[in-house]
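Topology and contacts: notes
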Amino acid sequence: MVAILIFFAVLTGARINQLYLFSPDSGDYVLMARGLVNDYEYRQFDFPGEPYFTVRPPGMSVLLIPAALIAPYDAVLAKVTVIFTAVMMLTLLYLFMCRLENLAIEVSPNTKHFLHWPALFVILLLATNPYILLFSTLIMSEIPFMAFTIAILYLISKDEEKVNQRTLILVTGLLVFLPFIRTIGVALILALGMWAVVKRTRWPYLISVICSFAATGLWMLRNNSLKSDVYSASTIGEMKSMGVMGTLLSMLNRSLIHFESLCQKMFPNMPGVVPSYERFVLDGNHVLPGPQLIYSVGSIFIISIAIYGMLKCWKSGGAVSFLYAFITFGILSLWPWMQPRYILPLLPIILAFLPVGFVCIVNRFFGANETIKKVIAGSAIILGIGLLVSQSKTDYSMIYANQQLIFKGDEFYQTEFPSSHYSNFVAAGNWIKKNTAEDARLFTRRNDVATTGHRFQKQLHFEQTKPEKLHEAIQTFSPRYLVSFDRTTVGAFPWHLLDNDLVYRLTPVYEKKGVMILEIQPNYEGTIRHQYWQEDESMKIAREVLDKFPHRLSAQVTYLQQLLEAEKYDAAISFVQELPEVSDVRIVNFLGWAYVGKRQFKQALQEFTKAARMPGQKLISQSIRRGTMLSQKQLASKNGDAKSTPSQTPRNNLRIAQAYWKLANFKKTHEFTQKVLASDKARKNEIEKAHLLLARLHLINGRTTQAIKELNQIQSTDNKDAQTLLDMISMENSLETLFINRKKTNNEKSQPLNQKQRESVLKLVSIYQSEGVPGKALKLLMQAHELAPDDLQILKLLAKYQLFYNKIPEAEASYLTLKKTTPDDQDINGALEKIETLKKVPHF
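Residues numbered from 1 in each chain as written. Predicted model: local features only at pLDDT ≥ 70, side-chain atom pairs only at ≥ 80, totals over all residues. Heavy atoms only, no water.

Here we come to the overall build of the chain. In terms of regular secondary structure, the chain is built from 39 helices and five strands. The principal-axis extents of the C-alpha atoms in the chain amount to approximately 110 × 65 × 55 Å. When each of the 844 residues of the chain is scored for burial, the buried share is 54%. Long-range contacts, defined here as pairs at least 24 residues apart, represent 69% of the contacts in the chain between residues at least 6 apart. Surface accessibility of the chain: about 38,900 Å² in total, with carbon and sulfur atoms responsible for 58%. Side chains of the chain give 91 positive and 71 negative charges; the mean places of these two sets differ by 5 Å. (Helix = DSSP H or I, 4+ residues; strand = E, 2+ residues; numbered from the N terminus. Buried < 20%, exposed > 50% of the residue type's maximum accessible area, 1.4 Å probe, protein only. Contact = heavy atoms within 4.5 Å. Areas by Shrake-Rupley, 256 points an atom, 1.4 Å probe, with all protein chains shown as cover. Lys, Arg positive; Asp, Glu negative; His and termini not counted. Charge placed at Lys NZ, Arg CZ, Asp CG, Glu CD.)

This part covers the nonpolar core. The nonpolar side chains of soluble globular proteins are, as a tendency, buried together. Ranked by size, the top nonpolar core spans 173 residues in total, and within it Phe353 and Tyr422 carry the most contacts. With 13 residues, helix 5 (residues 75–99) is the largest single contributor of residues to this core. Setting aside its immediate chain neighbours within four residues, Phe353 contacts Phe96, Leu100, Ile305, Ala306, Gly309, Met310, Cys313, Gly317, Gly318 and Ser321. Among the nonpolar cores identified, the runner-up in size contains 74 residues, and Leu502, Leu506, Ala722 and Met728 belong to it. (Core = buried A, V, L, I, M, F, W, Y, C linked by side-chain atoms within 4.5 Å.)

Bringing the packing of aromatic side chains into the picture now. Evaluation of the coordinates by the stated rule reveals 28 aromatic pairs. Plain terms: the ring middles of Phe45 and Phe844 are 5.1 Å apart, the flat faces sit at 75° to each other, and that makes the pair edge-to-face. A residue pair is termed long-range when its members are at least 10 positions apart, and Phe45 in the loop between helix 2 (25–39) and helix 3 (59–63) and Phe844 in the segment after helix 39 (826–838) qualify at 799 residues. These aromatic residues form a ring-pair network of at least three members: Tyr42, Phe53, Phe180 and Trp219. Geometry around Tyr52 places Arg43 over its ring, the cationic atom sitting 3.8 Å from the centre. The side chain of Arg99 reaches across the aromatic face of Tyr154, ending 4.1 Å from its centre. (Phe/Tyr/Trp six-rings, centres within 6.5 Å; stacked < 30°, edge-to-face > 60°. Lys NZ or Arg CZ within 6 Å of the ring centre and 35° of its normal.)

A few words on the sheet that holds strand 3 (residues 481–485). The five strands are arranged 2-1-3-5-4 in an open sheet whose pairing can be described as mixed. Either end of the sheet is taken by a strand with one partner, and the two such strands are strand 2 (457–459) and strand 4 (504–512). Across this sheet, the average inter-strand angle for adjacent strands is 25°, counted without regard to direction. As defined by bridge partners, strand 3 adjoins strand 5 (residues 515–522) across five bridges and the pair is classed as antiparallel. Counterpart to Val483 in the pairing with strand 5 is Ile517. (Pairing = 2+ DSSP bridges. Axes fitted to C-alpha atoms, helices over the stretch in contact; angles between N-to-C directions.)

Time to look at the pairing of strand 3. With five of five residues buried, strand 3 is to be regarded as a mostly interior element. Two elements, strand 1 (residues 442–444) and strand 3, share three bridges in a ladder whose sense is parallel. Across the sheet, the residue bridging to Thr444 is Val483, located in strand 3.

Here we come to the environment of Gln165. Structurally, Gln165 is set in helix 10 (residues 165–181). Here Gln165 falls in the exposed class, since its relative accessible area comes to 63%. Residues Gln165 and Ile83, spaced 82 residues apart in sequence, show a C-alpha to C-alpha distance of 30 Å.

This part is about helix 2. End to end, helix 2 covers 21 Å across 15 residues, agreeing with the expected 21 Å (1.5 Å per residue, within 8%). For helix 2, the buried fraction is high: 13 of the 15 residues fall into the buried class. (Expected span 1.5 Å × (residues − 1).)

A few words on unusual backbone geometry. Following Ser23, the chain continues into Pro24 via a peptide bond in cis, with omega recorded as 5°. Even without a glycine there, the phi angle at Ser478 is positive, about 60°. With respect to the element layout, Ser478 can be found in the loop between helix 22 (467–477) and strand 3. A positive phi is found at Glu567, a non-glycine position, where the angle reads about 60°. Its place among the elements puts Glu567 in the loop between helix 25 (553–565) and helix 26 (569–578). Accessibility expressed as a relative area gives 35% for Glu567, which makes it partly exposed.

Glancing now at the side chain of Arg445. For Arg445, the position within the fold is in the loop between strand 1 and helix 21 (450–453). A residue is classified by how much of its surface remains accessible, and Arg445, at 14% relative accessible area, is buried. In terms of polar contacts, Arg445 uses its side chain to reach the side chain of His461, at 3.2 Å. Within the structure, Arg445 has its side chain in polar contact with the side chain of Glu463 (distance 2.9 Å). (Polar contact = N/O pair within 3.5 Å; in protein donor to acceptor, adjacent residues only side chain to side chain.)

Next up on the list: helix 28 (residues 601–612). Relative to the 16 Å expected for twelve residues at 1.5 Å per residue, helix 28 spans 16 Å between its end C-alpha atoms, a close match to the ideal helical length. Packing partners of the buried residues in helix 28 comprise helix 27 (585–597) and helix 29 (621–636).

Together, Ile307, Leu311, Trp314, Phe322 and Phe326 line one region of the surface with nonpolar side chains, adding up to about 480 Å² of accessible area. Residue assignment for the nonpolar patch shows that the elements contributing at least two residues are helix 14 (292–312) and helix 15 (314–334). Counting residues per element, the nonpolar patch draws most heavily on helix 15, which supplies three residues. On the secondary structure map, Ile307 appears in helix 14. For Ile307, a relative accessible area of 31% corresponds to the partly exposed category. (Patch = residues over 30% accessible without salt bridge, like charges linked within 9 Å, V, L, I, M, F, W, Y side chains within 5 Å. Salt bridge = Lys/Arg side-chain N within 4 Å of Asp/Glu carboxyl O.)

This part covers the side chain of Arg222. Along the chain, the position of Arg222 falls in helix 12 (residues 205–225). We note that Arg222 is buried and unpaired, the nearest opposite charge coming from Glu41 at a distance of 7.9 Å. Engagement of the side chain of Arg222 in a polar contact is seen with the backbone oxygen of Tyr42, the distance being 3.2 Å. If sequence neighbours within four positions are ignored, Arg222 has contacts with Tyr42, Tyr52, Phe53 and Thr54.

Let us look at the confidence of the model for the chain. With 95% of its residues at a pLDDT of 70 or more, the chain has an overall mean of 90. Overall, residues 640–645 carries pLDDT values under 50, and its contacts beyond four positions in sequence, including any with other chains, amount to eight contacts. (pLDDT = per-residue confidence, 0-100.)

This paragraph deals with the pairing of strand 5. Most of strand 5 is tucked away: six of the eight residues are buried. In this sheet, strand 5 lies alongside strand 4 in antiparallel orientation, the contact comprising eight bridges. Each bridged residue has a counterpart across the sheet, and for Leu506 the counterpart in strand 5 is Ile520. The loop that links strand 4 with its antiparallel partner strand 5 comprises two residues; one of these, Lys513, has a positive phi angle of about 50°.

For the rest of this paragraph, the subject is the pattern of salt bridges. With the rule as written, the count across this model stands at 31 salt bridges. The closest approach of N and O atoms between Glu41 and Arg43, which form a salt bridge, is 3.0 Å. A relative accessible area of 30% means that Glu41 is categorised as partly exposed. The closest approach of N and O atoms between Lys839 and Glu812, which form a salt bridge, is 3.0 Å. Remark: Glu812 occurs in helix 38 (residues 808–821) and Lys839 occurs in the segment after helix 39; sequence separation between them is 27 residues. When its relative accessible area of 33% is taken as the criterion, Lys839 is described as partly exposed. You can call Glu812 buried: its relative accessible area is 18%. One salt-bridge network, in which partners are shared between bridges, spans Asp25, Asp28, Arg56, Glu142, Arg182 and Arg341.

Listed below in structure tokens is the structure:
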């Protein structure tokens, strides 16, 4: 056993690195642990206002307090803490299995000297299980939760006539703490309560159950008082929306999915499955031979043997283990989120009863026939060795990838194109701490950037955020930087916004180790640029990664996504059909959208329905739901058959062009606008709107002359939008001449703007705002204020736009100047209060 633990420690040690690898859980655990040390409060101190943290219970952060005291915000020491709990889990599991030996001896005394070897073999299989190796080197709560669960089962496994006082105290402490590590711990509380209540001598354990429920109830009351009980609210809301029958069907479906996931944990590398550790190897994981059915049947066989062992050890932890597994499945069947890792804590419970169940079954059916017993035992050992070899291959691949990361450094990211989980947000945080102001706020894709960056942050999924929503989020939170995966994670960010954003200039200031930091500045020109983004760049990167690593799931998903964005639907369908296995929900969802693009809505609905039942569907549920509704709507309509073609009317093309404009996809905007003008069925108002859109396209490209030509094509005198743009161009020319002339006479005393010039400035600011280019308004107001510094109306507008663009020092100076003249103005005082809020710095 000591040799196995040393071997396991070597494996996990070879997997350690400075990266958090899993977001947002890992970063939150480390940050909150330090918060408990500093302030003795469970607050989200990396967010403005430091709200109470309610998303996850505090148990894991409490376990990380020693690491937080020794090395704050250090991922390595936090991982060492998890590894320590993994070693304790294996040790306790072995002791628990040895205690179960007593019952096996009663059933079959001749197994007395041999039962330890099956237990050791099971421990070795568990220690080399890639899932256990992975989660033992992640800052996650699964492994500590297993350790606490096994400890409780070990303590209660000695069913004595009188409960030992020390045992009761230990069980109470562990049981109270268990649901604070993972909320699913309530399953073990219920199981222990049901086991204890049926026998009077076990009633003292009800004290443990009551104390645990009381502590959990207080935690829930705390979250309810903060109106942040996310889990129960989501669960109840989903049940209400589905109704009774829908909920029952959903429970059955989820139970089957979690059962399949449990089978995958017992046979890692099962064919037809994409395991969670696949993203931590470089070119796909090793796959077991044969069809998936064999391993599913094998898993059912193992679970059956384990259940038999639980029945034989009913008084020694078997009853509690059986009830715990049953209740866990019940809770997970109602849980809105489906992730394969949720079922992992049941794996050591099942394996704990496998040796005793195996021995009891063999002795019951072949007790007198030693030859058959030896053949059965030998066959089990051979199969176990085969599984051990398979697991070891995957372990080696995971360790090899980590060693490449450690020794190659930057070259690792340039040559191996690792998955986004290897993106080094810790290094990016170090850059932020050294190169940005303390009050600079961040929008980040992963929250572990704050462990070294020490800045206020908010997590944002850039890949799911449309430009309009991104702008709204920036205006609400006022970040100065966006921290994203870099370009090799092709779909991680709307990369075209680097050049095409009309409101902000998103300029890369850091691009290393899989991370890109973008500085947010005003787009003073209100134009696009051709500097940081190329249209086919993402496709080239996706193709390059796929060619080098054809078996890597992330490479397959990324390439398929690029095919869809390029509207190469036939190629996308062919690509998926040529894959040996399709087990990822993202690929199934993308296939559904490829069929939508081909107007094959029946096939699309089948894929969306399949995706809705797969693990991980919650993360892309909106896309699945939207595809499902669209397919159903088209199938219900008369034009929903496969032969129908999309409507190409000028009206629809104009609508599509306008939609692409909102997405800042100006090439597509131009393409569909030209279709409107080329159509002989276009109406006069549609043609005029097309010319207006082309004029705007010319303006954002800096082609004013061509824009005027397009606007002159509009003959209607009542077209206010066209006239507004013409007025805008005219006023720009006039004011530009004014500013140039004033600069030439800058040695003279500044003269105030006359009424006409002032009205032109104010009107132009209004037009810029309505046209979606507020950066031009800011630039104009800066120029106007320079010429007329005493004009309070211009200064007030300038201050507004300075605050809009998070120009804090400039905005504060402007508002303080205004406050001298109008000290009671509520807008000014409100703006100054907001500025004080934005100037606050986090306390790390």
